[in-house]
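# Examining the three-dimensional arrangement
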Amino acid sequence: MTPRNQNPAGPSDVLWNRQFLCVNISLFFMFANVGLLYLYPLALKAMGADPRAIGWVMGTFSIAAVLSRPLMGSLVGRMGEQRTISGGMAVALMSSLSYGFIDEVSPLMLLIRIIHGIGFSAVIAGGFALVARSASPLRRGMAFSMVGVSLMAGIGLAPSIGEALIGRHGFSGLYAAAVGAVLLGWISAMTGVRSPQGPLPGQQEAGTGYLALLKNRPFFCLLCSTFIFAHSQATLTNFLALIAARHEALAGPFFFLAYLAAITVLLTLGRLVDRYGQWCLTCFSYPFLSLGILLVPGAIASPLFGVAAVMFGAAMGLLFAAHNALAASHGSFREKPAVMALFTGVYDSGFITGAVVSGWVAHRVGLDMLFVVSGCFSLLGLMIALFSPMRKL
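Remember, predicted model here, so these are calculated numbers, not experimental data.

Cut-offs and rules
Residues numbered from 1 in each chain as written. Predicted model: local features only at pLDDT ≥ 70, side-chain atom pairs only at ≥ 80, totals over all residues. Heavy atoms only, no water. Helix = DSSP H or I, 4+ residues; strand = E, 2+ residues; numbered from the N terminus. Buried < 20%, exposed > 50% of the residue type's maximum accessible area, 1.4 Å probe, protein only. Contact = heavy atoms within 4.5 Å. Areas by Shrake-Rupley, 256 points an atom, 1.4 Å probe, with all protein chains shown as cover. Lys, Arg positive; Asp, Glu negative; His and termini not counted. Charge placed at Lys NZ, Arg CZ, Asp CG, Glu CD. Salt bridge = Lys/Arg side-chain N within 4 Å of Asp/Glu carboxyl O. 1 Å grid on protein atoms, 1.4 Å probe; cavity = no way out; pocket = protein on both sides within 12 Å on 5 of 7 lines; lining within 4 Å. Points joined across faces, edges and corners; volume = space filled by probe spheres on them. Nonpolar A, V, L, I, M, F, W, Y, C, P; charged D, E, K, R; others polar.

Another aspect to go through is the overall build of the chain. A count of helices and strands for the chain gives 15 helices and 0 strands. When burial is assessed residue by residue, the chain has 60% of its 393 residues classed as buried. Of all intrachain contacts in the chain linking residues separated by at least 6 positions in sequence, the fraction that spans at least 24 positions is 87%. Here the chain has roughly 15,000 Å² of accessible surface; of this, 69% comes from carbon and sulfur atoms. Of the charged side chains in the chain, 23 are positive and 12 negative, and the gap between their average positions amounts to 10 Å.

See the structure below:
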């Protein structure tokens, strides 16, 4: 294994260039597509689905994304980031076009969610590997902070836009916006993204398989923390619309404030991730994430919802940047696609449990108690960060 952070092509210290801008635009629109479909539970509820069925339908997307991620990591190594991202956008576009033709919970609906998840998986594998390979080791925290801004801007803006479209045009307006978002992302990827220079695609090093990566204890602990963070985040994003409707409130303002807080923190404090260390900011952020989730049931229908939203959003932003920068610091240039595919696959696996397991919990104990359980569970991430070898990364 070559020394950590070594890149034969010599990553540039210049962060903002055309490629970095275009990959951020592509990720923004891909996540806007996903964020619009955070409101899909409302359509499912209108079709007569219960919370457990909603959890399975929403979780199928992430199941497909996780199970296909190792393949996508290998695909990046063989074909390069640009072709992987563009192909993923094309698949996501085809699936997004299909939502408007489904009016009941059926196997066809699950198939569409699977195809959509595979397209999303390709975009993430290619985009995150490109940033990990291209960004200077001294600016990885800032690079992933800006990626976080793009992702969270897409997700933060999309639900409010989606609610307005549903109110004016019904669910067909929501589906049309999802199609338009992924189409714009595909155009950006085709015109401005190029695979970084380095070893020829397809070359492998000894010991770069997924099992070898999992045997590294600090990296394995990072993956455990990543899973807990993603599960807690996914529980809120998948079930906020339902708990808001139950309390006769809207989810859009909460999403907007949360992602605005995340974006503001990343824009203003992103440099701190590189300056003070990803591990320290991880430990600092977890308590705020937990408290933000715990406050949702009591605050969603009151003016205090803004406090919960800001706490959750700020912590989410810092945890996202810190975990990604820690993962990107691991391994050599050739190992980056496998490292980031494994990391993002674990991250997405949290979105499976955050939909499926949390749907089961909500069915058993109710939506309010679901958020209490999730907030307490997120504190396990703090324990791992404090007392595991993760700090050695």
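Turning to the pattern of salt bridges, a few remarks are in order. Evaluated as defined, the whole model comprises 2 salt bridges. In this structure, arginine 69 and aspartate 348 form a salt bridge, with 2.3 Å as the shortest nitrogen-oxygen distance. Of the two residues, arginine 69 is situated in helix 3 (residues 51-79) and aspartate 348 in helix 14 (residues 336-365); the sequence distance between them amounts to 279 residues. In this structure, glutamate 81 engages arginine 133 in a salt bridge whose closest nitrogen and oxygen atoms are separated by 3.0 Å. With a gap of 52 residues between them, glutamate 81 in helix 4 (residues 81-96) and arginine 133 in helix 5 (residues 107-134) connect regions that are remote in the sequence. Residue glutamate 81 shares its accessibility class with arginine 133, and that shared class is buried.

Using the criterion set out here, one finds 1 cavity of 30 Å³ or more in the structure. In this model, the largest cavity occupies a volume close to 360 Å³. Around the largest cavity sit 26 residues that line it, and Phe31, Val34, Tyr38, Phe120 and Phe351 are the ones nearest its centre. The set of elements that each furnish at least two residues to the lining of the largest cavity consists of helix 1 (18-36), helix 3, helix 5, helix 6 (140-169), helix 9 (217-246), helix 13 (305-328) and helix 14. The class makeup of the residues in the lining of the largest cavity is 17 nonpolar, 7 polar and 2 charged.

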